[in-house]
Amino acid sequence: MSTGTTKLDVVVSDVVPVNDLVTRFHFRRRDGELLPTFSGGAHVVVEMRDSDRTRLNPYSLMGSPLDTREYTISVRRDDVGRGGSLFMHRQVKPGLEMVISYPVNLFSLDLRAKKHLMLAGGIGITPFMAQTSQLAAAGGNFELHYTCRTASLGTYADVLQQRYGSRVKLYHDDREERIDLDRLLSSQPLGTHLYVCGPAGMINWVRDRAAALGWPSETVHFEHFAAPQPGAPFDVTLAVSGKTIRVGEQQSLLEAMEAAGVDPPYLCRGGVCGQCETNVISSDGKFIHNDHWLSEEDHRSGCKIMPCVSRFDGKSLVLER
Amino acid sequence: MAAKTIISRPIYGTLSPQPGRHHLFIADAEGALAITDMAGKAPSGFFDGAEIDFIPGPENRHLAALEALKPAQLHVAPSFASLLPRLKQTLTNAHMGLRLYLAGTEGLIGQAMQVALEAGMDHTSMQTEHRGSLARRMQCVHCKGITENVTTQPALCAHCGLLLLVRDHYSRRLAAFQGVCINAEDRSENPPMEEAFP
Amino acid sequence: MGITFRKETFRDDYTFRNSPEHIRRFPFPFNEDAYMYAVNIEPHVVGPKGSVLENLIDVDEHYVAEMQDRALVLAEDPLRCQSLPHMTLAGWDLLELLMEQQALGYPEHFTLERDGDRWRWINRPLGIDDTFTFGDTSTLPYGPMEYITRQSQGDFCILDQRDGNLWMDAGMVTTQADWSLDFDIGMNFFEWHAPVPLAHEKGIFTRALKFLTNIQQGKPARRLNWTMTINPRLDTSPENYHKWGPDRATVTPENVGEKVHLRVELQSFWRLPRSNAIVFPIRCYLIKMDELVTQPKWARRLHRVIRDLPEELATYKGLTRYRPTLVEWLSKLDDGSPTSPGFGPD
Ligand code: HEM
Ligand code: FES
């Protein structure tokens, strides 16, 4: 994701195993300055340079937004996933220099809420670590219900109970403790907002029950990562300037053109202003349109592309540039 | 009045039964008919968890039709002002899952919505249906006074006396349309007042 | 050496003027000889020295006078500054942003000292030296948004982001082009833009909203907007329309140069860190026709823009009554020769 967020150069300042599955990573800025302030629920995208490939994975910031000397994330080892968590667990050691994105919040608190009701499952606890810190500091009204497999896998359950006492309720799968969801949802005062983060099954269950019990959708918030993925490299021929260029995985088409000395107009570099609109002369393959500018019809026609955000996957692409 | 309307002008729908166990209806005059029309589509037992607050108005009709729905509670109020304390109390004690249905004149829908917004409900979660008079509540942007039941275009501000263009620009927070001086640039201009919102 | 602040007024005797340097740095909003609404958003990055973009938050020779005018407006009508209860945190975010930016750009005039949450703010032009606890409203004479925007040029709207929309839930609005914060507060992006003609149909607002909700921390964006005002009046609010509206009927061929002002808004968009809200500073620049036409390219171009402006836009911007007089006056300065591309003077 080359457009979008600014990057931060950080160094891993600590790596702390939390339990059998979860490890916590601490980052500080390499230049010793404070990190940007963030809001509870924000995540950063961590760039993992693993020999010749780069992975970009988002992780929720779990420290207090009031302390920006360091950022902390917790990573659960996933032995069958795309490999990002294994890289973190195996290769990331204190002192390693890494690049992370500025914080982005797609799971922010609705500060109008008269009460915040939080439901966490497993590693879904991390955004709530930051949100509860933020609310507690401001005297906010919240209640956290946290489901985990066993007490030893109840990541940070002890810390949370120590900090917030009876505002935190724990449910352990191995002890057959189940949250009485209908009852919980039916007893909340008007003006409550509901937040859920955890496995997809849990999110769906909570959203379904809330809807059935009359909770309006505006009051139900769930974390969904629009995980930015590095695009695959592709080749483009620029007919007007007579060049053939390769767009790298970490580059936008616009940036690749610029690197080749071709300067199309641009303003937003975010796919909305329309400035970089470029005509397609011929193509053999599939467009990956990520802009908000072209109409659906334009997208289907294959005659236009917005190089600041969109990509291509196929044999050949010739542009009028 | 411009035939084309603008986006801030509220759009009212048709009441439809929502999921949930508790339902609060607020209606005036012809608004009762929106409730009885909706009742046909409601699952059985729907009104067992419903309260209807009704302001019949001078013509005093439709009460029997509402009684026939057998809601858990039916409260009749002589005016919105007299309903207000009860409504606030109901909302203070309410739980998530309560659904709100507003039907009748724009003034009633707007004012009831204003109270519900303050209680922490989102306007998009409320069902509304317009029935009856098109008369508008108007805020004078100059003196901030609210004039009720405006039916003409332009209209006089009941507070400062300026002649106001009644715009389609609407504020949910104020439950009012905006009134702006129509002859500010040249006071000798006096456009005639015409019935516009019967 | 710093800025020499002018003593001037934006009401009654209207002594507002631009110095020659300020005429040259005026953010002329037309890069071609015609104007239509567009999604004219671009990254808000620092521009050339001596331009209004030299600093991302611009302070100029009108600073002190504008702050005095704001205080007068607020004394008459406190509803020009409002913040819904959930927006206090965003107010602190804004206070931090404006203090940091002003201290960074103008160290001779502003100083910010931070020691944890103990902050000291020195504003020399306004004679302020306050120490307070960041986050503790009781240590400031006003709420955080009001405190800092009484010391910052331009209007400010703070938008809460929810349900894929932006909600105007706080603001300090005393120098507006005919819209009311008191009326619009609580509305969403489409609702407060409802009165704007043509732009909804052209899909401008749907696209703009998508861009704004994606604005990232540390990556502000900006756009220019413009209208015209008779007399250098900052407070052209609907609240006072019955007071300034009559001025529109006073334009004559003799007084165009002195009375008619181009009013340009440099609008920027910033993600706020703690609240995840967006702040929208609307920085207003005024220039009278006599000053503007000292740059011949601007005179020729403004003539063509105003002459050919679509009727809907002219009506919305309130130009109808004096447009013919203005166009006639400007036409004498337009020899028909081509204008160079771009905003700047030749
Ligand atoms: C989120 C930040 C923004 C705020 C708070 C804002 C606010 C406003 C307000 C209050 C008005 C006056 C409406 C009236 O007549 O009552 C206005 C006008 C307008 N806005 Fe925005 N706006 C924002 C962003 C944008 C963006 C991103 C665009 C377009 C790309 C835009 C385009 C316009 C246009 C074209 C007008 C009409 C201006 C004229 O012709 O003088 N606005 N805006
Ligand atoms: S640069 Fe704006 S759409 Fe590509």
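Predicted model, so just to flag it, every value in this text is computed and none were measured.

Caption draft 1: Representation of the pairing of strand β10 (residues 163-171) of chain B. All names here are of chain B. Of all nine residues making up β10, seven are buried, and the element is well covered by its neighbours. Two elements, strand β9 (residues 155-156) and β10, share two bridges in a ladder whose sense is antiparallel. Bridge assignment links Ala 155 to a residue of β10, and that residue is Leu 164. Connecting the antiparallel pair β9 and β10 is a turn made up of six residues, with Gly 161 showing a positive phi of about 85 degrees. Direction of pairing for β10 relative to strand β11 (residues 176-181): antiparallel, over a ladder of five bridges. Looking at β11, one finds that Leu 164 is bridged to Cys 181.

Caption draft 2: Representation of the packing of helix α3 (residues 80-93) of chain B against helix α4 (residues 106-118) of chain B within the structure. Residue and element names in this part refer to chain B. At a minimum axis separation of 10 Å, α3 and α4 run at an interaxial angle of 30 degrees. Regarding the angle of α3 to α4, the classification is roughly parallel. Two packed elements cross with a definite hand, and for α3 against α4 that hand is right-handed. Within the contact between the two elements, α3 uses Phe 80, Leu 84, Leu 87, Lys 88 and Leu 91 and α4 uses Leu 108, Gln 111, Ala 112, Val 115 and Ala 116. Here the residues of the contact of α3 with α4 are counted per class, giving eight nonpolar, one polar and one charged.

Caption draft 3: Broad picture of helix α2 (residues 63-76) of chain C. Its 14 residues give α2 of chain C an end-to-end C-alpha distance of 20 Å, which sits within 8% of 20 Å, the value for a rise of 1.5 Å per residue. Buried within α2 of chain C we find Tyr 63, Val 64, Ala 65, Glu 66, Met 67, Asp 69, Arg 70, Val 73 and Leu 74 of chain C.

Caption draft 4: Just the environment of Gln 82 of chain C, in detail. Within the fold, Gln 82 of chain C resides in strand β2 (residues 81-83). Residue classification places Gln 82 of chain C among the buried residues on the basis of a relative accessible area of 13%. Each C-alpha atom, one on Gln 82 of chain C and one on Met 172 of chain C, is 6.7 Å from the other, the two residues being 90 residues apart in sequence. Setting aside chain neighbours within four positions, we find Gln 82 of chain C in contact with Arg 173 of chain B together with Met 145, Ala 170, Gly 171, Leu 181, Asp 182 and Ile 185 of chain C.

Caption draft 5: The site of ligand 1, seen in detail. All names here are of chain C. Around ligand 1, a shell composed of 22 residues is seen, among which Tyr 37, Trp 192, His 193, Tyr 316 and Lys 317 lie nearest. Within the contact set of ligand 1, an oxygen atom lies 2.4 Å away from a side-chain nitrogen or oxygen of Tyr 37. Contributions of two or more residues to the shell around ligand 1 are made by β6 (155-162), α6 (189-192), α7 (204-213) and β8 (221-230). For the shell around ligand 1, a count of residues per class yields 18 nonpolar, two polar and two charged.

Caption draft 6: View of the coordination of the iron atom of ligand 1. Of all protein atoms, His 193 of chain C (NE2) alone acts as a donor to the iron atom of ligand 1, lying 2.0 Å away. On the secondary structure map, His 193 of chain C appears in the loop between α6 and α7.

Caption draft 7: Representation of the pattern of salt bridges in the model. In this structure the tally under the stated criterion is 61 salt bridges over all chains. With a closest N to O distance of 3.8 Å, Glu 296 of chain A and Arg 300 of chain A form a salt bridge. One end of the pair is Glu 296 of chain A and the other is Arg 300 of chain A, both in helix α7 (residues 296-301) and four residues apart, which spans about a single turn. When sorted by exposure, Glu 296 of chain A lands in the same class as Arg 300 of chain A, which is exposed. Close ionic contact of Glu 96 of chain C with Arg 274 of chain C constitutes a salt bridge, the shortest N to O distance being 2.9 Å. One end of the pair, Glu 96 of chain C, is in helix α3 (residues 88-105); the other, Arg 274 of chain C, is in the loop between β9 (260-271) and β10 (278-288), with 178 residues separating them in the sequence. Beyond isolated ion pairs, a larger network of salt bridges with shared partners links Asp 93, Glu 96, Glu 100, Arg 114 and Arg 274 of chain C.

Caption draft 8: Expanded view of the interface of chain B and chain C. On the side of chain C, 27 residues touch chain B, which itself brings 27 residues to the contact. Both sides together, the interface formed by chain B and chain C hides about 2200 Å², and carbon and sulfur atoms give 55% of it. When the area that chain B buries against chain C is broken down by residue, the three leading residues are Ile 7, Arg 173 and Glu 185 of chain B, summing to 30%. The interface formed by chain B and chain C contains seven salt bridges.

Caption draft 9: Molecular detail of the domain arrangement of chain B. Residues and elements named next belong to chain B. If you check the domain split of chain B, you get domain 1 (22-130) and domain 2 (136-195). Each of domain 1 and domain 2 has a C-alpha centre, and these two points are 29 Å apart. Approximately 620 Å² of surface area, both sides summed, lies buried where domain 1 meets domain 2, with 55% of it carried by carbon and sulfur atoms. Three residues, Glu 106, Gln 111 and Gln 114, lead the burial of domain 1 against domain 2; their summed loss comes to 54% of the area buried on that side. In this structure, the connection of domain 1 to domain 2 is made through two residue pairs in polar contact (both at pLDDT 80 or more).

Caption draft 10: Summary view of the nonpolar core. In terms of nonpolar packing, the biggest core is built from 71 residues, with Trp 226, Met 228, Val 260, Leu 262 and Met 289 of chain C touching the most fellow members. Setting aside its immediate chain neighbours within four residues, Met 289 of chain C contacts Met 228, Val 256, Gly 257, Val 260, His 261, Leu 262, Leu 302, Leu 326, Trp 329 and Leu 330 of chain C. One finds Leu 119, Leu 194 and Met 202 of chain A together with Leu 98 of chain B within the second-largest nonpolar core, a separate group that totals 39 residues.

Caption draft 11: Region of the structure containing the interface of chain C and chain A. Taken together, the contacts link 22 residues of chain C with 23 residues of chain A. Here chain C meets chain A over a buried area of about 2100 Å², counting both sides, of which 56% is carbon and sulfur. When the area that chain C buries against chain A is broken down by residue, the three leading residues are Arg 207, Gln 216 and Gln 217 of chain C, summing to 25%. Where chain C meets chain A, there are zero salt bridges. Run the count over chain C and chain A and you get three residue pairs in polar contact (both at pLDDT 80 or more). Elements with a contribution of two residues or more to the side of chain C that touches chain A: β1 (42-43), α3 and α7 of chain C. With three residues, the top contributor of residues to the side of chain C that touches chain A is α7 of chain C. Tallied by class, the residues present in the side of chain C that touches chain A amount to six nonpolar, eight polar and eight charged.

Calculation notes
- Residues numbered from 1 in each chain as written.
- Chains lettered and ligands numbered in written order.
- Predicted model: local features only at pLDDT ≥ 70, side-chain atom pairs only at ≥ 80, totals over all residues.
- Heavy atoms only, no water.
- Buried < 20%, exposed > 50% of the residue type's maximum accessible area, 1.4 Å probe, protein only.
- Helix = DSSP H or I, 4+ residues; strand = E, 2+ residues; numbered from the N terminus.
- Pairing = 2+ DSSP bridges.
- Axes fitted to C-alpha atoms, helices over the stretch in contact; angles between N-to-C directions.
- Parallel < 35°, antiparallel > 145°, perpendicular 65-115°, else oblique.
- Left-handed = near helix turned anticlockwise from the far one by under 90°.
- Contact = heavy atoms within 4.5 Å.
- Nonpolar A, V, L, I, M, F, W, Y, C, P; charged D, E, K, R; others polar.
- Expected span 1.5 Å × (residues − 1).
- Near = heavy atom within 4 Å.
- Polar contact = N/O pair within 3.5 Å; in protein donor to acceptor, adjacent residues only side chain to side chain.
- Donors = N, O, S within 2.8 Å, 3.2 Å for Na, K, Ca; no water.
- Salt bridge = Lys/Arg side-chain N within 4 Å of Asp/Glu carboxyl O.
- Buried area = accessible area lost by both parts, 1.4 Å probe.
- Domains from an automatic or database assignment.
- Core = buried A, V, L, I, M, F, W, Y, C linked by side-chain atoms within 4.5 Å.

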